[in-house]
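Each chain, written out:
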Amino acid sequence: MKRFIIGTMIAASLTTAAIAKDVKIGLSWDARESALNQAWEDYMRAEAKSQGAARGINVTWVVNMANNDSSRQAANIEDLINSGVNIIIARALDSAAIGSSIRAAKQANVAFVTFDRASSGEKPTAHVGGDSKDQAKVLGEEFQKLLKARNVTAAKCIEVQGSLADINAINRTNEFKKLDSASSTISIVARVPSEWNPERVLSGLTDAFRAHKDANCLLLASDWAIDAVRSAAEKFDKWHPTGNPKHVWIASNDLLTSAITAMENGYIDVAVTWDAQAHAKEAVRVLLDIAEGKDPKCVGEGCLAKGSVATPATVKGMTNYWARKYK
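Each chain has its residues counted from 1, running along the sequence as written. In keeping with the predicted nature of the model, local features appear solely for residues at pLDDT of at least 70, side-chain atom pairs appear and are counted solely at 80 or more, and the whole-chain, interface and lining totals rest on all residues. Side-chain metrics rest on all non-hydrogen atoms present in the structure, leaving aside hydrogens and water.

**Examining the overall build of the protein chain**
- Helix and strand counts for the protein chain stand at eleven helices and twelve strands.
- Projected onto its principal axes, the C-alpha positions of the protein chain cover 85 × 40 × 35 Å.
- Relative to its 327 residues, the protein chain shows a buried fraction of 50%.
- Working rule for contacts: check all heavy atoms of both residues, and any pair within 4.5 Å makes them a contact. Pairs at least 24 apart in sequence give 72% of the contacts found in the protein chain among residues at least 6 apart.
- Surface accessibility follows the Shrake-Rupley procedure with a 1.4 Å probe radius. Residue values consider only the protein chains on display as shielding. When the accessible area of the protein chain is evaluated, it comes to approximately 15000 Å², of which 51% is carbon and sulfur surface.
- Residues counted as positive are Lys and Arg, residues counted as negative are Asp and Glu, and His and the chain ends are not counted. The atoms used to mark charge sites are NZ of Lys, CZ of Arg, CG of Asp and CD of Glu. The average position of the 40 basic charges and that of the 37 acidic charges among the side chains of the protein chain differ by 4 Å. Helix numbering and strand numbering both begin at the N terminus, where a helix is a DSSP run of H or I of at least 4 residues and a strand a DSSP run of E of at least 2. Whether a residue is buried, partly exposed or exposed follows from its accessible area with a 1.4 Å probe, protein chains only, as a fraction of its type maximum: under 20%, in between, or over 50%, in that order.

Structure follows, in structure tokens:
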């Protein structure tokens, strides 16, 4: 009996040792220019601790930054591969250029997860992010409902696009095109390419307002540059809250830190969120599944977290929303 008990204890110890494992994850950032990047990383680290503990996995991170340079990001990912990481997760600066890094990881037998921005070419092990197609589709639907409720029958919109090297920006502008074609209320009279540059938002939107003085609404690929939007609108006396006869209707994606106050004060009418916490939670689940040799089941376009609708009537109740915690 004594030998049996000792043998059982040894077997249990070996089983525990087999389950517990160390996993080194390389995290490649395109840049760290906003609160969103920091929130993502903080939430990933927290999720790795909690989810990892539940699964007997100890995660260590190796993080590098490309500072908006695609060549540097490729070199950074090569460094991660050479450092012996088990998995790489990367937010691509360029959705096409990231393909070469994915191929390099595959050749080294390192799993590769794209985060937030999917690869437009080479397929990674998995993709995790927000559902930008659904986000823009839902935004368009909610905007039409809002305009109908306010008896707006002719909404002449200027679209402010993101970077057309960013697959999420491409998805959003494609959904806005569908909205333009299908809606009897909303028409897009001008498109402003921003390349995620606030100066281009300011100059492009200024030109668009000058050319389309009757424009009465804006479709924003993201509200990240809402201060630049405000500056351009004020030049033409078009920055007023809901209820003012001069109010320009604004529908935006993301509801980032800088946009919350604008929505609370009635300048942004509707938004669909880009939820950093939900993205990070799903990313860590996928990473740990891969670490355990499991299929993370990222079917179709990936493991995507959907956003939620926010309006001036609901935004103040979103007390736990990540963008309130990061300035």
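**Some details on helix α6 (residues 167-182)**
- Given a rise of 1.5 Å per residue, 16 residues ought to cover 22 Å, and the 23 Å separating the end C-alpha atoms of α6 matches this to within 8%.
- If you check which residues of α6 are buried, you get I167, N168, A169, N171, R172, T173, E175, F176 and L179.
- Looking at the buried side of α6, the elements it contacts are β5 (126-130), α5 (132-149), β6 (155-160), β7 (186-192), β8 (217-220) and β9 (249-254).
- We call two N or O atoms a polar contact when they sit within 3.5 Å, provided that within protein one can donate a hydrogen and the other can accept it, with sequence-adjacent residues counted only if both atoms are side-chain atoms. The residue sitting at the N-terminus of α6 and contributing the capping side-chain oxygen is D166; that oxygen lies 2.8 Å from the backbone nitrogen of N168. To estimate the expected span of a helix, subtract one from its residue number and multiply by 1.5 Å.

**Quick notes on the confidence of the model for the protein chain**
- Model confidence for the protein chain is summarised by a mean pLDDT of 93, while 94% of its residues fall at 70 or above.
- Segment residues 1-20 is flagged for pLDDT under 50; beyond a separation of four residues in sequence, or across chains, it makes three contacts in the model. For every residue, the predictor assigns a confidence score, pLDDT, that lies between 0 and 100.

**Points about the state of the cysteines**
- Here, two cysteine sulfur atoms that lie within 2.5 Å of each other are counted as a disulfide. Taken as a whole, this structure holds two disulfides when the rule is applied.
- Disulfide pairing is shown between C157 and C217; the S-S distance is 1.7 Å. The S-S bond linking C157 to C217 shows a torsion near -105 degrees; that makes this disulfide left-handed. In this pair, C157 sits in strand β6 while C217 sits in strand β8, placing the two residues 60 residues apart along the sequence.
- A relative accessible area of 0% means that C157 is categorised as buried.
- C217 sits in the buried class, given a relative accessible area of 0%.
- In this model, C298 is linked to C303 through a disulfide, with the two sulfur atoms separated by 2.1 Å. Its torsion about the S-S bond being -105 degrees, the disulfide of C298 and C303 is classed as left-handed. In this structure, C298 and C303 share a single accessibility class: buried.
- For the protein chain, numbering the cysteines in disulfides from first to last along the sequence yields the connectivity 1-2, 3-4.

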